[in-house]
Amino acid sequence: MNQVKQNYQRAASAAKHSILRHPTRTMAEILRSCAERAEAYASPDVYGSGELIEQFEARIAKLLGKPAAVFLPSGTLAQPLALRIHAEQRGRKGIALHPTSHLVLHEQDGYQQLWGLQGQQVGQADSVLTADDLAAVNDPSQLAALLLELPMREIGGQLPSWDDLQAQVQWARKNNIAVHLDGARLWQCEHYYQRSFAEVCALFDSVYVSLYKDLGGIASAILAGSTEFVAQARVWSRRAGGNLISMYPYVLAAEQGLEENLSVMPKVAAFAQKLAPLLASIPGVKANPQQPQAAMFHLHIEAKEAELIEAVARHAEQESVLVLPLPRAQQNGCCICEIPLGRNALQQPAQFWYEHLRACLATIIKAN
């Protein structure tokens, strides 16, 4: 399987067209671009201080409608850090979160093992969290914070309705529970809610956003909230080793990604609503959700993993078109492929991607 995936990676890198995310640059191109942007600043940031990083933090705080923000190297630091602050403020250790939360699935239980928090999973793994799920929580008095992910990556970018989201927040407020937003992909939500980022974030006590997933930065994150909250976050960042001496390459790359990619996200989300049903009309393919709510969705494809990867690599080699990422999971005889859209997909009409995916899958779908 390793060789199969290596062949895929080579073919994917060489493909002229890709359905995934935004146009890529080489490491050298990224660094050259950052160097050009750096000419506007006299000196680098030093332990979180300096014109570049402070201006960027203020810019994102304003965008999210929060009084303050702090630049951090990763979301894996930002989120448990935020939850720890809420826990200390309330004298509780409990955290309510969905079974598919990134903290549960992808962080080696760090929020509990390192940060001393206690998770309580709420809701069903294959469904969006609802206010009814929260109403069924036995003892809310043990909870310091409720973590909500918008959109929910593991179920194809699904989102609660605006009314239900408000009801979830009201439940938390009633029980003196802080509300934290896992906004790793928040930039995709504007189209569905038809509200500004600030309007969405007004529901939350603290907000984390990624600066690389949809924006195309190198790495890093922003944690935003009240002035007092962010002051405490800076202390915890220092304690946890997140206050690096300088982070200007990450800031510069994030700044460029914000300018290049943020404004296109509503158009990408609208394109997803057209593209997903079209791709799901191919035999052996289903979309989750059937009607995308964000700028992403999952495809469930009736194929064996190795055969699917080989078919996608072969199509990329022959047609110079990459139609799928590597499968991220297998379920009920299907490979699950996550389709995160960006400027790449918009370069071609939906029919183009339909025709190429259908051609790619034709032989293996028949074989299965």
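Below: a short report on this structure.

Criteria and thresholds
Residues numbered from 1 in each chain as written. Predicted model: local features only at pLDDT ≥ 70, side-chain atom pairs only at ≥ 80, totals over all residues. Heavy atoms only, no water. Helix = DSSP H or I, 4+ residues; strand = E, 2+ residues; numbered from the N terminus. Expected span 1.5 Å × (residues − 1). Buried < 20%, exposed > 50% of the residue type's maximum accessible area, 1.4 Å probe, protein only. Contact = heavy atoms within 4.5 Å. Phe/Tyr/Trp six-rings, centres within 6.5 Å; stacked < 30°, edge-to-face > 60°. Axes fitted to C-alpha atoms, helices over the stretch in contact; angles between N-to-C directions. Parallel < 35°, antiparallel > 145°, perpendicular 65-115°, else oblique. Left-handed = near helix turned anticlockwise from the far one by under 90°. Nonpolar A, V, L, I, M, F, W, Y, C, P; charged D, E, K, R; others polar. Pairing = 2+ DSSP bridges.

**Some points on helix H12 (residues 248-261)**
End to end, H12 covers 20 Å across 14 residues, agreeing with the expected 20 Å (1.5 Å per residue, within 8%). Among all positions of H12, only Val251, Leu252, Ala253, Ala254, Glu255, Gln256, Gly257, Leu258 and Asn261 are buried. Structurally, H12 contributes buried residues whose contacts are with helix H2 (27-38), helix H3 (51-64), strand S2 (68-72), helix H13 (265-280) and helix H15 (343-346).

**A short note on the packing of aromatic side chains**
Taken as a whole and assessed by the stated rule, the structure comprises six aromatic pairs. Ring centres of Trp162 and Tyr193 lie 5.4 Å apart, and the angle between their planes is 65°; this geometry places the pair in the edge-to-face category. Note that Trp162 is positioned in helix H8 (residues 162-174) and Tyr193 in helix H9 (residues 190-193), a separation of 31 residues in sequence. Accessibility expressed as a relative area gives 4% for Tyr193, which makes it buried.

**Focus: the packing of helix H4 (residues 75-90) against helix H11 (residues 227-239)**
Between H4 and H11, the least distance of the axes is 10 Å, while the angle of their chain directions is 120°. With respect to H11, the element H4 is oriented oblique. The handedness of the crossing between H4 and H11 comes out as right-handed. Together, Leu77, Leu81, Ala82, Arg84, Ile85, His86, Glu88 and Gln89 of H4 and Phe229, Gln232, Ala233, Trp236 and Ser237 of H11 make up the contact between the two elements. Residue composition of the contact of H4 with H11, by class: seven nonpolar, four polar and two charged.

**Overview of the packing of H2 against H12**
At a minimum axis separation of 9 Å, H2 and H12 run at an interaxial angle of 95°. By the criterion of interaxial angle, the relationship of H2 to H12 is roughly perpendicular. Of the residues in H12, those in contact with Ser33, Cys34, Arg37 and Ala38 of H2 are Pro249, Leu252, Ala253, Glu255, Gln256 and Glu259. Within the contact of H2 with H12, the residues separate by chemical class into five nonpolar, two polar and three charged.

**A short note on the sheet that holds strand S10 (residues 296-301)**
A sheet is described by the order of its strands in space; here four strands give the open sequence S9-S10-S13-S12, paired in antiparallel fashion. The outermost strands of the open sheet, each flanked by one partner alone, are strand S9 (285-288) and strand S12 (329-331). Each strand axis lies, on average, 30° off the axis of its neighbour in the sheet, ignoring direction. Where S9 meets S10, four bridges bridge the pair, whose relative direction is antiparallel. Within S10, the position partnered with Lys286 by the bridge is His300.

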